Amino acid sequence: MELKEGLIPVEKAEKDCTVYCKICHKILTVKAGEVIPRCCGKTMEKM
């Protein structure tokens, strides 16, 4: 689910999931309905 808030498009998690950054390898847990965070300038990837 992709939304536009301001100038930067954001993506919200459809269900609880784990996301990671391909650049710095940071791993986070995101709950359903939360915005998938950006890290190192890019949206984090779902695992």
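Everything discussed here concerns the structure shown above.
The structure displayed is predicted, hence computed values, not measured ones.

### Some thoughts on the pattern of salt bridges
Summed over the entire model, instances satisfying the criterion amount to one salt bridge. The closest approach of N and O atoms between lysine 46 and glutamate 11, which form a salt bridge, is 3.4 Å. On the criterion of sequence distance, the pair formed by lysine 46 in strand β7 (residues 45-46) and glutamate 11 in strand β2 (residues 8-11) is long-range, its members being 35 residues apart. Since its relative accessible area comes to 43%, lysine 46 is described here as partly exposed. By relative accessible area, glutamate 11 is classed as partly exposed at 25%.

Rules and cut-offs
Residues numbered from 1 in each chain as written. Predicted model: local features only at pLDDT ≥ 70, side-chain atom pairs only at ≥ 80, totals over all residues. Heavy atoms only, no water. Salt bridge = Lys/Arg side-chain N within 4 Å of Asp/Glu carboxyl O. Helix = DSSP H or I, 4+ residues; strand = E, 2+ residues; numbered from the N terminus. Buried < 20%, exposed > 50% of the residue type's maximum accessible area, 1.4 Å probe, protein only.

This is a description of form; function is not addressed.
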